[in-house]
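Given next are the chains, with one letter for each unit.
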Amino acid sequence: MAVAAFAPHRQLFSLTNSKTRTRPWLSYKTNLLHSRKKTRFCFISCSSSSSSTSQSSEANIETAESCVNLGLQLFSKGRVKDALVQFETALNLDPNPVEAQAALYNKACCHAYRGEGKKAADCLRTALREYNLKFGTILNDPDLASFRALPEFKELQEEAKLGGEDIGYSFRRDLKLISEVQAPFRGVRRFFYVAFSAAAGISTFFTIPRLFGAIKGGDGAPDLWETAGNAAINVGGIIVLVALFFWDNKKEEEQLAQISRDETLSRLPLRLTTNRVVELVQLRDTVRPVILAGKKETVSLAMQKAERFRTDLLRRGVLLVPVIWGQGKEPQIEKKGFGIQPKAAAALPSIGEDFDKRAQSISAKSRLKAETRFKAEVVSPAEWERWIIDQQQSEGVTPGEDVYIILRLDGRVRRSGRGMPDWLEIVKELPPLEALLSKLER
């Protein structure tokens, strides 16, 4: 049987069965929004013959470690139900914090694969609160892609945005880091606001008694108008500096909200023409998605008009993404994962592949170019509608109006507008993919 051994450096482990590739155990820390690489936590397993397995009675003792390893092997073979049993067993065997974190996290992956969003969210919430799971792990693991398309993930993300001590502190912190990169002098401005306000406050503290003395008059009293002018300047300065400080805070919150919307957008799932499901982040640098949101008749007419410019739009990397209002409220017949049909599952990377290999497979530009044929189908329409409504509210547009949103090659919003787009204008506006301007946009 497999005998577990701990690696000496940073407690990083890997499964080293030469014949079977098993699913990495758990990532340690990732960049929140854009990093696709993970440091993994697993156990080292040394393969031995079946005869040596029967010789050791101690090796047959069931531990949390062995259950996690067995669960990972079962999960890698697609035996999700059996893997779930092993992870539950591991949690009942007095696991240490690292083992408990791994069991909970991988149990959540099993529930996500089975379409059990609430159970997956409960496992992840416990791992976040009690076992120091990083929220970036949830954002970047492909095995949780189906969970990220569910309302339960939205609830968990909203909790994370609060940045409390229990859950999501790292999520809020990383959003702030991105905000600081985009506005590098905000901290300097705030320092000067506070410093100058303090200086004006100290000056006012000494000026007020002089002002009272000037009002009373008498021998040696300071000039009234001069003293009053100094006091007014100090008070006015304090008011202006405090107002600027709160204005800067408001701008930061708006920026954090926009960054969060961009991150949510990057995680929205699409089904390509080959029936393969990807997230928008995996299409970066490859296509310019154009989201058409509205009534079915309006969107269908816009799609028909786009066909007249198909060749020119394809040269510019345009990928049409139709979103029909109310579609997310219709009952979904298919429940598992993204709701893909069994025949489509073969087009997806197999469960349990190494994360980096999976990311390379999914993100391979040559394959994506072959699969992104002008139009993609949204998966989890309710999440798409929710994001579009949030975007409409941020732009001052009445939620539910027909709108179009054009994205850049780097995944950010290029521009948006009411109604459906003028395709001839878009052909003139967007440069071809091979043009220099397109390279600068990546």
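Residues numbered from 1 in each chain as written. Predicted model: local features only at pLDDT ≥ 70, side-chain atom pairs only at ≥ 80, totals over all residues. Heavy atoms only, no water.

1. Remarks on the pattern of salt bridges
Throughout the structure, instances matching the rule amount to 20 salt bridges. The salt bridge partner of Arg315 is Glu434, with a shortest N-O separation of 3.3 Å. Of this pair, Arg315 sits in helix H13 (residues 310-315) while Glu434 is found in the loop between helix H18 (423-429) and helix H19 (436-441), placing the two residues 119 residues apart along the sequence. Where Arg414 meets Glu441, a salt bridge forms, and the shortest distance between an N and an O atom there is 2.8 Å. Of this pair, Arg414 sits in strand E11 (residues 413-418) while Glu441 sits in helix H19, and the two are 27 residues apart along the sequence. Residue class for Arg414 comes out partly exposed when judged on its relative accessible area of 29%. (Salt bridge = Lys/Arg side-chain N within 4 Å of Asp/Glu carboxyl O. Helix = DSSP H or I, 4+ residues; strand = E, 2+ residues; numbered from the N terminus. Buried < 20%, exposed > 50% of the residue type's maximum accessible area, 1.4 Å probe, protein only.)

2. Quick word on the confidence of the model for the protein
Summary statistics for the protein give a mean pLDDT of 75 and a share of 71% for residues scoring 70 or more. When the criterion is pLDDT under 50, residues 330-363 qualifies, and its contacts beyond four places in sequence or with other chains add up to 69 contacts. (pLDDT = per-residue confidence, 0-100. Contact = heavy atoms within 4.5 Å.)

3. Looking at the environment of Leu319
Among the secondary structure elements, Leu319 is positioned in strand E8 (residues 318-324). Taking the C-alpha atoms as reference, Leu319 lies 6.3 Å from Val287; in sequence the two are 32 residues apart.

4. Re the packing of aromatic side chains
Under the defined criterion, the tally for this structure stands at 6 aromatic pairs. Between Phe245 and Phe246 the ring centres are 6.0 Å apart and the planes differ by 90°, which places this aromatic pair in the edge-to-face class. Feature note: the residues Phe135, Phe147 and Phe153 constitute an aromatic cluster, connected by ring pairs. (Phe/Tyr/Trp six-rings, centres within 6.5 Å; stacked < 30°, edge-to-face > 60°.)

5. Brief notes about unusual backbone geometry
A positive phi angle is found at Asp285, which is not glycine, with a value near 70°. Checked against the element boundaries, Asp285 lands in the loop between strand E6 (277-279) and strand E7 (288-294). We note that Ser380 has phi near 60°; this positive angle belongs to a residue other than glycine. Within the fold, Ser380 resides in the loop between strand E9 (377-378) and helix H17 (381-394).

6. Overview of the side chain of Asp410
One can find Asp410 in the loop between strand E10 (403-407) and E11. A polar contact of 2.9 Å, which involves the side chain of Asp410, links it to the side chain of Arg408. Contacts of Asp410, omitting those with residues within four sequence positions, involve Arg284, Asp285, Glu441 and Arg442. (Polar contact = N/O pair within 3.5 Å; in protein donor to acceptor, adjacent residues only side chain to side chain.)

7. Some points on the packing of helix H3 (residues 80-91) against helix H4 (residues 97-113)
Two elements in contact, H3 and H4, have axes whose closest approach is 9 Å; the angle formed by their N-to-C orientations is 150°. Judged on the interaxial angle alone, H4 and H3 are roughly antiparallel. The interaxial crossing formed by H3 with H4 has left-handed handedness. Packed against H3, whose contacting residues are Val80, Ala83, Leu84, Phe87, Glu88, Ala90 and Leu91, the element H4 presents Ala100, Ala103, Leu104, Asn106, Lys107, Cys110, His111 and Tyr113 at the interface. (Axes fitted to C-alpha atoms, helices over the stretch in contact; angles between N-to-C directions. Parallel < 35°, antiparallel > 145°, perpendicular 65-115°, else oblique. Left-handed = near helix turned anticlockwise from the far one by under 90°.)

8. Topic: the nonpolar core
Considering soluble globular proteins, one finds that nonpolar side chains tend to be buried as a cluster. One finds Leu124, Phe135, Ile138, Leu144 and Phe147 to be the most contacted residues of the largest nonpolar core, which totals 34 residues. When residues of this core are traced back to their parent elements, those giving at least two are helix H2 (64-76), H3, H4, helix H5 (117-130), helix H6 (135-140) and helix H8 (151-161). Per element, the largest residue contribution to this core is 8 residues, and it comes from H4. Counting 23 residues, the second largest nonpolar core, distinct from the first, contains Leu268, Val278, Leu283 and Val321. (Core = buried A, V, L, I, M, F, W, Y, C linked by side-chain atoms within 4.5 Å.)

9. Some details on the pairing of E7
Most of E7 sits inside the fold, with 7 of its 7 residues counted as buried. Burial of E7 is two-sided: the residues Arg288, Val290, Leu292 and Gly294 facing one way and the residues Pro289, Ile291 and Ala293 facing the other way are all buried. For E7 and E8, the ladder comprises 7 bridges, and the chain directions are parallel. By the bridge assignment, Ala293 is partnered in E8 with Val323. (Pairing = 2+ DSSP bridges.)

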